[in-house]
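# Overview (structure and organization)
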Amino acid sequence: MRIDGRSLLRLDIPTLSLQAFGETFRIEELYLFLLLGLVLVLVFLLLTLVLGRAWCGWACPQTTLTDAAEGLARLIGVKVEAGKMTASTGQKVLLQLFYIGLSLLFAANLTWYFVSPYDFFARLSEGALGGGVLLTLGVVGGAVYLNLALVRRLMCKEFCPYGRRLMCKEFCPYGRFQTVLVDPGTLTLRFHPDEAHRCIGCGACARSCPTGIDIRRGYQIECINCGRCLDACRQVMARRQQPGIIRYTFGLQGRGLKALLNPRLLLVALVFAGLSAGLVVAMVGRPEASLKLARAAGAASRVLADGRQVTFFNGFVTNRLQQERVLSLAATLEDGTPVEVKGPVFNIALGGGEKERFNFALVSPQAVPGSPLRVQVALDNGRGETLAREQAFITAPKDNKL
Ligand code: SF4
Ligand code: SF4
């Protein structure tokens, strides 16, 4: 997808920038990504505290891939029960072909964050994808294929190579977090004990469970809140004109939404709100352009014949907006006295997201006796607005000679 000809979401390695929703963010704005990262971590925390493993059951790429694999398996007649497949040889061959196709699609999709799909297919047909892209396709595609062929739902639950309760491990770190984060107010699926007498013991709930648990034994951390047992039970009970026995509930004590009003959740919500507000302020106050100055290496300050002093600098200007800008530098002393700027620093035309490096010199309005002269350098947009400011110092040469 494109906005004004630019990708909706793309990491541009050559320019070290991120295109996102019509904006371009450069590497210098890394602090925004850190802030966004913290906000996303808190979103995950909140989601887990409120909705339990809903991410695992509804949005995680691992679940999506596994659902796709199981969906296709069912389409070709494979029996899928409790997350296990029973397939004939022909069906297994078909499944492996599907895994290979899905893995390549997944890997290609990942590269599209870096190479536009429009360029990707053109370069693919010319055999000019490049080593980095081919390596990514091979490594990611291979990893996804092994995942589909060997791991699938194992990723989401405890894996006990030597039997239950012996050296059990969890592949997924997020799955491990659940045990810490799920609290008495979290949304979960519940086999209602008060209505257990209505259960006919058909086992449809356990057979439909992708993680292979039986919800009738009570809450288990392997539950990913997918709701399949609820659907299965509802269908069975509907034939008997009765409501299902399995339901969603906030907390196991049946306190409803009130269970969410607990100190832990409120504290996380408060931190989330504070960080989100900080991110919004940082985005709104994002400068339209940036200016960086550095003393020119190897070009010493000089005293001119009239006693004024000149110091040489390198300037770096970045246009952070998408529209073309014409920018100029101006310099003043702290008391507002103009300082002469020499060099190609006027009417610098920069396209959207472009940057430019240039050399220039600051000339003091009078001799600087000994101590450096502090100068305010401003980047103007030609309409009287200052987009960025930096400080520079005009210094006296060491030997103070012409
Ligand atoms: S117990 Fe029910 S909601 Fe939980 S993972 Fe199994 S089918 Fe999904
Ligand atoms: S699907 Fe419903 S009725 Fe059947 S065993 Fe599970 S809880 Fe009982």
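### A closer look at the overall build of the chain
Helix and strand counts for the chain come out as 10 helices and 20 strands. Its C-alpha atoms give the chain a radius of gyration of 31 Å, more than 25% over the compact-globule value 21 Å for 402 residues. On the principal axes, the C-alpha backbone points of the chain span a range of 105 × 55 × 40 Å. Counting the 402 residues in the chain, one finds 21% classified as buried. Counting only contacts in the chain whose residues sit at least 6 apart along the sequence, the fraction spanning at least 24 positions is 63%.

### With respect to the site of ligand 2
In the neighbourhood of ligand 2, 14 residues make up the surrounding shell, with Cys199, Cys202, Ala204, Cys205 and Cys233 lying closest. Only helix H8 (204-208) and helix H9 (228-238) provide two or more residues apiece to the shell around ligand 2. The element best represented in the shell around ligand 2 is H9, accounting for three residues. Looking at the shell around ligand 2 residue by residue, the class counts come to 11 nonpolar, two polar and one charged.

### Things to note about the domain arrangement of the chain
With domains assigned, the chain is organised as domain 1 (2-159), domain 2 (184-255) and domain 3 (289-394). Its C-alpha centre places domain 2 at a distance of 69 Å from the equivalent point of domain 3.

### Points about the sheet that holds strand S3 (residues 9-12)
The strand order S3-S4-S5 describes an open sheet built from three strands, whose pairing is antiparallel. Looking at the sheet topology across the chains shown, the edges are occupied by S3 and strand S5 (23-26). Within this sheet the neighbouring strands show an average axis-to-axis angle of 15°, counted without direction.

### Describing the pairing of strand S14 (residues 309-319)
Strand direction decides the pairing type here: strand S12 (residues 289-295) and S14, joined by seven bridges, are antiparallel. Of the residues in S14, the one forming a bridge with alanine 294 is asparagine 314. When strand S13 (residues 302-303) meets S14, the two strands line up antiparallel, connected through two bridges. Paired with valine 303 across the strands is glutamine 309, a residue of S14.

### Looking at the nonpolar core
By size, the foremost hydrophobic cluster in this structure holds 19 residues, and its most contacted members are Leu189, Cys205, Ile215, Cys229, Cys233 and Ile246. The leading source of residues in this core is H9, at five residues. Residues lining this core come from more than one domain, with at least three contributed by each of domain 1 (2-159) and domain 2 (184-255). Setting aside its immediate chain neighbours within four residues, cysteine 229 contacts Leu189, Cys205, Ser208, Cys209, Ile215 and Ile246.

### Brief notes about the packing of helix H3 (residues 61-75) against helix H4 (residues 89-111)
At a closest axis distance of 10 Å, the pairing of H3 and H4 adopts a crossing angle of 145°. Once H3 is placed against H4, the crossing between them reads as right-handed. Here H3 contributes Leu65, Ala68, Ala69, Leu72 and Ala73 to the contact with H4, which in turn contributes Leu95, Phe98, Tyr99 and Leu102.

Conventions and cut-offs
Residues numbered from 1 in each chain as written. Chains lettered and ligands numbered in written order. Predicted model: local features only at pLDDT ≥ 70, side-chain atom pairs only at ≥ 80, totals over all residues. Helix = DSSP H or I, 4+ residues; strand = E, 2+ residues; numbered from the N terminus. Rg over C-alpha atoms; globule rule 2.2 N^0.38 Å. Buried ≥ 20, exposed ≤ 12 C-beta atoms within 10 Å, placed from the backbone. Contact = placed C-beta atoms within 7 Å. Near = placed C-beta within 6 Å. Nonpolar A, V, L, I, M, F, W, Y, C, P; charged D, E, K, R; others polar. Domains from an automatic or database assignment. Pairing = 2+ DSSP bridges. Axes fitted to C-alpha atoms, helices over the stretch in contact; angles between N-to-C directions. Core = buried A, V, L, I, M, F, W, Y, C linked by C-beta atoms within 7 Å. Left-handed = near helix turned anticlockwise from the far one by under 90°.

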